[in-house]
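Chains, contacts and geometry: an overview
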Amino acid sequence: MRVATGAAGVALMGVGVFLLLSGGQARDVALWLAGAVVLHDLLVAPLVLAAGLLLARLPGRGPLRGALVTAGCLTLIALPVLFAPGTPHNPSVLPLDYPRNWLLSLAAVALATAAVALVRRLRGTAAVRRPRTDGHGARRGARSPTSRAGRASSSPRRWGRRDR
């Protein structure tokens, strides 16, 4: 079954390459892909990094991150319709008010995020923090039977000290 699916995928890619090269749109597709890379690297990635830095210290950052990811995906899906020039000649092509529906979707995401944050605050789970560990399940700074003070030998530590 995997071989048949892979063969069908390769055949469809071949059809796509043939149509791309025979249709004379290879330059347009290459330009569009290059524009997508530039847009991502100059706009999207810095915005995501800035939002991550701003949200890093907030206590309820989990739901807020989820809301931002959801709003970003909704916006990416809606962009072609939001930037469509004018009304189409055929009214059945875009029969709804897409900008209004996009804004309603963003409002629903904001309301759901506020509800989750409120429930977490009322339960008190937003302030619960797990203790930092050393990567092996032990709390940092805690003495274990195999720590330097508990060992009979005075061999040097293998991994060095963490000062965090």
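Residues numbered from 1 in each chain as written. Predicted model: local features only at pLDDT ≥ 70, side-chain atom pairs only at ≥ 80, totals over all residues. Heavy atoms only, no water.

Moving on, we get to the overall build of the protein. A tally of helices and strands in the protein yields 4 helices and 0 strands. Along the chain direction, N to C, the helices and strands of the protein fall in the order α-α-α-α. Counting the 164 residues in the protein, one finds 5% classified as buried. Contacts in the protein between residues at least 24 apart in sequence constitute 39% of all its contacts with a sequence separation of at least 6. For the protein, the exposed surface amounts to about 14300 Å²; the carbon and sulfur share of it is 66%. (Helix = DSSP H or I, 4+ residues; strand = E, 2+ residues; numbered from the N terminus. Buried < 20%, exposed > 50% of the residue type's maximum accessible area, 1.4 Å probe, protein only. Contact = heavy atoms within 4.5 Å. Areas by Shrake-Rupley, 256 points an atom, 1.4 Å probe, with all protein chains shown as cover.)

Bringing the UniProt feature "transmembrane region" (unreviewed entry) in the protein into the picture now. Under the UniProt annotation, "transmembrane region" (unreviewed entry) lies at residues 36–56, 63–82 and 102–122. Helix makes up 100% of residues 102–122 and strand 0%, whereas the separation of the span's terminal C-alpha atoms amounts to 30 Å. (UniProt positions renumbered as here; feature names shortened; annotations may be inferred.)

Here Leu-68 shows up in helix α3 (residues 61–82). The class for Leu-68 is partly exposed, based on a relative accessible area of 45%. Separated by 38 residues in the primary sequence, Leu-68 and Leu-106 place their C-alpha atoms 9.7 Å from one another. Aside from chain neighbours lying at most four places away, what touches Leu-68 is Ala-51 and Leu-55.

Over its 21 residues, helix α1 (residues 2–22) extends 30 Å from the first C-alpha to the last, a length consistent with the 30 Å expected when each residue adds 1.5 Å. A positive phi of about 75° marks Gly-24, the residue just after α1. (Expected span 1.5 Å × (residues − 1).)

Within the structure shown, the criterion is met by 1 salt bridge. We note a salt bridge from Arg-100 to Asp-97, for which the minimum N-O separation is 3.8 Å. Given a relative accessible area of 39%, Asp-97 falls into the partly exposed group. (Salt bridge = Lys/Arg side-chain N within 4 Å of Asp/Glu carboxyl O.)

Here we come to the side chain of Thr-113. Tracing the sequence through the fold places Thr-113 in helix α4 (residues 98–123). A relative accessible area of 14% places Thr-113 in the buried class. Apart from the residues lying within four places of it in its own chain, the contact partners of Thr-113 are Pro-63, Leu-64 and Ala-67.

Moving on, we get to the packing of α3 against α4. Close contact between α3 and α4 brings their axes to 10 Å; oriented N to C, the two are set at 175°. When the interaxial angle is binned, α3 and α4 end up roughly antiparallel. On α4, the residues touching Pro-63, Leu-64, Ala-67, Thr-70, Ala-71, Leu-74, Thr-75, Ala-78, Val-81 and Leu-82 of α3 are Tyr-98, Pro-99, Trp-102, Ser-105, Leu-106, Val-109, Thr-113, Val-116 and Arg-120. Grouping the amino acids of the contact of α3 with α4 by side-chain chemistry returns 14 nonpolar, 4 polar and 1 charged. (Axes fitted to C-alpha atoms, helices over the stretch in contact; angles between N-to-C directions. Parallel < 35°, antiparallel > 145°, perpendicular 65-115°, else oblique. Nonpolar A, V, L, I, M, F, W, Y, C, P; charged D, E, K, R; others polar.)

Right, let's talk about a nonpolar patch on the surface for a bit. A contiguous nonpolar patch, built from Leu-39, Leu-43, Val-44, Leu-47 and Val-48 and spanning about 450 Å² of accessible area, is present on the exposed surface. Assignment of secondary structure puts Leu-43 in helix α2 (residues 26–55). (Patch = residues over 30% accessible without salt bridge, like charges linked within 9 Å, V, L, I, M, F, W, Y side chains within 5 Å.)

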